[in-house]
Amino acid sequence: MIRVSLVILTFNQRALTLACLSSLEDFIWREDCETILVDNGSDDGTCEAVNEAFPAVRVLRQERNLGVAAGRNVGLRQACGRYLMILDNDTEADCATILGLAAVLESDDGIGLVAPRLVSGRGDVQSSFRPYPGIMSKIWNVVRGKRRSSVASKIPKEAMEPFYVIGAAQMFAADVYRAIGGLDENIFYGPEDADFCMAVRALGLRVVYEPSYSIVHHYQRVTSGRLLSQGARRHIKALLYFYRKHRRWL
């Protein structure tokens, strides 16, 4: 029986994806775990490189970029594990951390989703535990700049329950995922992580940030972009949809 299914999404980031999988070698070869890579239409040779270097990884190649929510759903719906974990491809993790997060879920049926502490390659703790992503907080993040808004000003030393945790690393039971019906595919890129956390709490379960487990997240190199880029426009569109869906702007 598969205990943990790990789902990684990638799009034209071969080097980052290979580095991520290299950090997961001990996990990838475990018989009670599985690793699924969803390729969102890359044309940089990612799939071929992963198939050659990591034959134990199941690669699900898509013909086009489906977006974050839909892309992750492709992998999550085919996963066989009791617990499902989504992980960004710009991370470096390890088997002990992933199995530790599974143990957190196993220890308390009231926890619906758990996330680890995220740190940059420089050692900065990322503000991955966040309040409701209202429009004013988004404007403030733009004013402050990407790096300042991404680094935590207060660092929790014990487990806590934020409004949501970012989708770079989240784990939840397969039963929880099925009860929710998956990530909202109307959100191409943006607050799909906050939306999913809200759905978890709607089931009467808790969203927990567990800082005793840590994953490296190279978020500065990957998520930065121009304000008027296609990605930024898609993010704004997703936010407007999210605010209308939940009837809450602030």
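Residues numbered from 1 in each chain as written. Predicted model: local features only at pLDDT ≥ 70, side-chain atom pairs only at ≥ 80, totals over all residues. Heavy atoms only, no water.

(A) Local environment of the packing of helix H9 (residues 192-202) against helix H11 (residues 230-246). At a closest axis distance of 10 Å, the pairing of H9 and H11 adopts a crossing angle of 20°. The angle between the axes of H9 and H11 places the two elements in the roughly parallel class. The crossing of H9 and H11 is left-handed. On H11, the residues touching Ala 194, Asp 195 and Met 198 of H9 are Phe 242, Lys 245 and His 246. Within the contact of H9 with H11, the residues separate by chemical class into three nonpolar, one polar and two charged. (Axes fitted to C-alpha atoms, helices over the stretch in contact; angles between N-to-C directions. Helix = DSSP H or I, 4+ residues; strand = E, 2+ residues; numbered from the N terminus. Parallel < 35°, antiparallel > 145°, perpendicular 65-115°, else oblique. Left-handed = near helix turned anticlockwise from the far one by under 90°. Contact = heavy atoms within 4.5 Å. Nonpolar A, V, L, I, M, F, W, Y, C, P; charged D, E, K, R; others polar.)

(B) Local environment of the pairing of strand E1 (residues 4-10). Along E1, seven of the seven residues are buried, which leaves the element largely enclosed by surrounding structure. The alternating pattern of E1 places Val 4, Leu 6, Ile 8 and Thr 10 on one face and Ser 5, Val 7 and Leu 9 on the opposite face, and all of these are buried. Of the pairings in the sheet, the one linking E1 to strand E2 (residues 33-39) comprises seven bridges and is parallel in character. Following the sheet pairing, Ile 8 is matched in E2 by Leu 37. In terms of strand pairing, E1 meets strand E4 (residues 83-88) through six bridges, oriented parallel. Counterpart to Ser 5 in the pairing with E4 is Leu 84. (Buried < 20%, exposed > 50% of the residue type's maximum accessible area, 1.4 Å probe, protein only. Pairing = 2+ DSSP bridges.)

(C) How the structure looks around the pairing of strand E10 (residues 206-217). As defined by bridge partners, strand E5 (residues 91-92) adjoins E10 across two bridges and the pair is classed as antiparallel. Counterpart to Glu 92 in the pairing with E10 is Val 216. Pairing between strand E6 (residues 111-119) and E10: eight bridges, direction parallel. When the bridges of E10 are listed, Val 119 appears paired with Val 216.

(D) Inspection of unusual backbone geometry at higher detail. Positive phi is not limited to glycine here, since Asn 12 has a value of about 55°. Relative to the helices and strands, Asn 12 is located in the loop between E1 and helix H1 (14-23). A residue is classified by how much of its surface remains accessible, and Asn 12, at 30% relative accessible area, is partly exposed. A positive phi angle, close to 55°, is found at Arg 247, a residue other than glycine. Note that Arg 247 resides in the segment after H11.

(E) Inspection of the pattern of salt bridges at higher detail. Summed over all chains, the structure comprises 13 salt bridges. Among the salt bridges present, the one from Glu 106 reaches Arg 82, with a minimum N-O distance of 4.0 Å. Remark: Arg 82 occurs in the loop between helix H4 (68-78) and E4 and Glu 106 occurs in helix H5 (residues 95-107); sequence separation between them is 24 residues. For Lys 245, the salt bridge identified is with Asp 184, shortest N-O distance 2.8 Å. In this pair, Lys 245 is assigned in helix H11 and Asp 184 in the loop between helix H8 (174-180) and H9, connecting sequence segments 61 residues apart. Given a relative accessible area of 12%, Asp 184 falls into the buried group. Taken together, the shared-partner salt bridges in this structure form one network comprising Arg 3, Arg 82 and Glu 106. (Salt bridge = Lys/Arg side-chain N within 4 Å of Asp/Glu carboxyl O.)

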